[in-house]
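Letter by letter, the chains look like this.
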Amino acid sequence: MGVRMPQLLKLRIFAFFATSWILWNYGTVQCHEEDGETPKFITRSQTLRVVIGETVTLPCQVDRLGDYVLLWKRGNSVLSAGDMKITRDNRVELVDGFNLEIKKVRPLDGGDYVCQMSTLVPEEIHHTLEIMVPPSVRSDNNHLTISKGDQVTLSCRGSGNPVPTITWSRRNNLLPRGEQSVDGNTYGIQKADRHSAGVYLCSANNGVGTPVTTSIEVRVQYPPEIDVEGSWLHSGEGQEAILACVVHADPPTTKVKWYKDVMILDESGRLLMETRGSRHSLIIRNVQPSDFGNYSCEADNKLGRSRKHIELSGRPNRAVFRSDPIGRMRDAFNVTWSVESYSVVEEFRLSYRKKHANETHDQPGQWHDVVIPSSEGSYYDQRTTLTRGLSPASKTHWKSYHIRNLEAGVMYEAKVVAKNKYGWAQQSDLFQFNTRTSDHYPYESSPQHDVIAGSLPTEVRDMRITSPTSFAVSVHSSVASVVISLLLPVSLVLFASRAATT
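Remember, it's a predicted structure, so these values are computed and weren't measured experimentally. (Residues numbered from 1 in each chain as written. Predicted model: local features only at pLDDT ≥ 70, side-chain atom pairs only at ≥ 80, totals over all residues. Heavy atoms only, no water.)

Student: Outline the overall build of the protein chain, supporting the account with residue identities and numerical values.
Tutor: Assigned secondary structure in the protein chain consists of two helices and 36 strands. Counting the 502 residues in the protein chain, one finds 39% classified as buried. For the protein chain, the share of sequence-separated contacts (at least 6 apart) that also reach a separation of at least 24 residues comes to 63%. Counting every atom, the protein chain has about 28,900 Å² of accessible surface; 52% of that belongs to carbon and sulfur. (Helix = DSSP H or I, 4+ residues; strand = E, 2+ residues; numbered from the N terminus. Buried < 20%, exposed > 50% of the residue type's maximum accessible area, 1.4 Å probe, protein only. Contact = heavy atoms within 4.5 Å. Areas by Shrake-Rupley, 256 points an atom, 1.4 Å probe, with all protein chains shown as cover.)

Student: Hey, could you go over the sheet that holds strand 9 (residues 99–102) for me, with residue numbers and the actual values?
Tutor: In spatial order, the strands read 3-9-8; together these three strands make up an open sheet with antiparallel pairing. Where the open sheet ends on each side, the last strands, each with one partner, are strand 3 (56–58) and strand 8 (92–95). With direction set aside, neighbouring strand axes in the sheet form an average angle of 30°. As paired elements, strand 8 and strand 9 share four bridges and run antiparallel to each other. The partner of Leu-94 across the bridge, within strand 9, is Leu-100. (Pairing = 2+ DSSP bridges. Axes fitted to C-alpha atoms, helices over the stretch in contact; angles between N-to-C directions.)

Student: Describe the state of the cysteines, naming the residues involved and giving the relevant values.
Tutor: On inspection of all chains with the given rule, the structure shows three disulfides. With a sulfur-sulfur separation of 1.9 Å, Cys-60 is cross-linked through a disulfide to Cys-115. Measuring the twist about the S-S bond at about -70°, one finds the Cys-60-Cys-115 disulfide to be left-handed. Of this pair, Cys-60 sits in the loop between strand 3 and strand 4 (62–63) while Cys-115 sits in strand 10 (residues 111–117), and the two are 55 residues apart along the sequence. Across this residue pair, the class does not change: Cys-60 and Cys-115 are buried. Assigning the bonded cysteines of the protein chain consecutive numbers by sequence position, one obtains the connectivity 1-2, 3-4, 5-6. (Disulfide = S-S within 2.5 Å.)

Student: Describe in detail the pairing of strand 27 (residues 304–313), supporting the description with residues and values.
Tutor: As paired elements, strand 20 (residues 232–234) and strand 27 share three bridges and run parallel to each other. Across the sheet, the residue bridging to His-234 is Ser-313, located in strand 27. Between strand 26 (residues 293–301) and strand 27, which pair antiparallel one after the other, the connecting turn spans two residues.

Student: Describe the pattern of salt bridges, naming the residues involved and giving the relevant values.
Tutor: Considering all chains together, one arrives at 23 salt bridges under this definition. Notably, a salt bridge pairs Glu-130 with Arg-49, separated by 3.0 Å at the nearest N-O pair. Taken together, the residues Glu-130 in strand 11 (residues 123–138) and Arg-49 in strand 2 (residues 46–51) connect sequence positions 81 residues apart. In this structure Arg-49 comes out as exposed when scored by relative accessible area, which is 57%. (Salt bridge = Lys/Arg side-chain N within 4 Å of Asp/Glu carboxyl O.)

Student: Hey, could you go over the pairing of strand 34 (residues 411–420) for me, with residue numbers and the actual values?
Tutor: Counting buried positions along strand 34 gives eight out of 10 residues, so the element sits mostly inside the fold. Pairing of strand 30 (residues 347–354) with strand 34, which is carried by eight bridges, proceeds in the antiparallel orientation. In the strand pairing of strand 34, Glu-347 is matched with Lys-419. Alignment of strand 34 against strand 35 (residues 423–424), held across two bridges, turns out to be antiparallel. Each residue of the ladder has a partner; that of Asn-420, found in strand 35, is Gly-423. Counting the residues in the hairpin turn of strand 34 and strand 35 gives two residues.

Student: Summarise the sheet that holds strand 23 (residues 263–264); cite the residues concerned and give the values.
Tutor: Strands sit in the order 20-27-26-22-23 across an open sheet of five strands; the sheet is mixed. Bordering the open sheet on either side are strand 20 and strand 23, each of which pairs with just one other strand. With nine bridges joining them, strand 26 and strand 27 adopt antiparallel strand pairing. Directly across from Glu-298, in strand 27, lies its bridge partner Arg-307.

Shown next as C-alpha cells:
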C-alpha cells in the first residue's frame, strides 16, 4: 500500500486539474454558442480496416473550432482532451491537429472510437476500427495411419480476421473422388484403399497477406495387390519372354514367388528373376515348347497374400483389321488384316454378316464363314516391337480377302481368327465396313479373287489388283494394244507402196 499511494495521489491531482480545465472550457463554450459561432465536423464517421502491426490514423477535423474542446473516447475511457493526451498508452498520439494515431495496432485495438465536441449539446463522430489478421491454420495430427476399408475424417482449424476459407487438396495428385480441391473445415475419406494414401494439404486464405498451408500425411496399410501387364503373352521358340507383375503393398512385400502351374520356380540357366521397384519380372530365355503354359506370381505381407496368373502361349496374337471401312465397290469388299505370330500361320477363319438383317428389324444377319489357307495371298513383315514382353523379332503376317456377292449401300461387320501349330488365336474385334451404292472404279468388272502384293503399305485399302499374274497379263495386253495401234498405219502405207510398184 505504501508503494501505490503516491501513484494514486498523482492520478487524483491529474484528474482534478483535467476536470477543472474541461469545466472552464465548458463555460467558454456556452459563451460562444450564445454568440452563434457553432463549429461543424468536416470529417464523417467511417470504418477503417488495418492489418495487425501497422499504423492507423483516425481523422477528426472541425471547422471553426475556436475555443471548443475535442475529446477522444473509447467506451468509458477518455483518450485525449483538446491537445492533452490522457491515455498512458505510448502507441497513441495526436497528429496533425486532433487526429488520433495508433501505432503497431493489436487485435484488442479493434472497436468504436468517438471524437466528441464540447458544445452545449455535445456533437460527435464515430469511427469503427477493424483489425485485419492474416490467416493461420493447424491440425491436431500431421501423420495418420489407417487400414484398407477404413473411414476417416481429416480436419484442420483456421483463424484470422476475417475468418479464413479452408481448402483441401493433395500433393501431386487429385483428391480420391477426383476433385482438384474442396472447401470446408473437414475432408472425409470413405472406404480407404491404396489410392487414398498421400499428403493432404489444408490451406487457409482470408485475403490478408498470403495463404498458409499445413499438411497431413495419410498412410493406408493393405494386403498385396498385383497388376499384370497382360494376362496372355505370345512368344515363340527360341525367343525371350518377359512376364511381369507390378506389386503394391503396405507394409511392402519381402519377396515375390513365381510358379508354373503349381511348381515353384527358381532361377536357372534360362530363367531369370528381376525386381525394379514394384515391378517383378520372370525372364525366360530361348523359349521352348515345354515353356508354354500357365504362370503365376505371388506376394504376401503381414496383412494377406495375393496371386495373379499369366498364360505364355505360342498361339497367334489377335488379328487387327487394316482396311478402310468405306469400300470402293457396290457388290464386293477387299478386307485386309494383320496378325503377329512367331510360328507360321496355317489358316484364317473369316466371318462376315450384315449389320442389320433388313430395314425394319435391328437384328443382325447370319454369319458367313470362310476358311482361308495362309498360303493364298499372304506375306510376312519383320516388325520391331516390345509389346507385352515380345522380343524385337515378332513376325507380322498380312492377309487380304475379297468378299463377293454383297449388297450395295449396306453396312457389314466382320471378324477373323488365325491358327498356327499351337492352336487358334483369340477372336479379333468386330470390324464394320460399308459397300458403296455404285462402283468407284472406271472399269465394270470386279477383281476375280483376293491378293496381297509383297510390298503393300501398312494401311491397305480396296484396290483394283487381281493377282500378280493377271496384272502382268493386263499390262502386256495394254502394251500390245498400243504397239499395234502405232504399227498398223505404217504397215498399210508399206503395203500400198508395194502394190503400186507391182
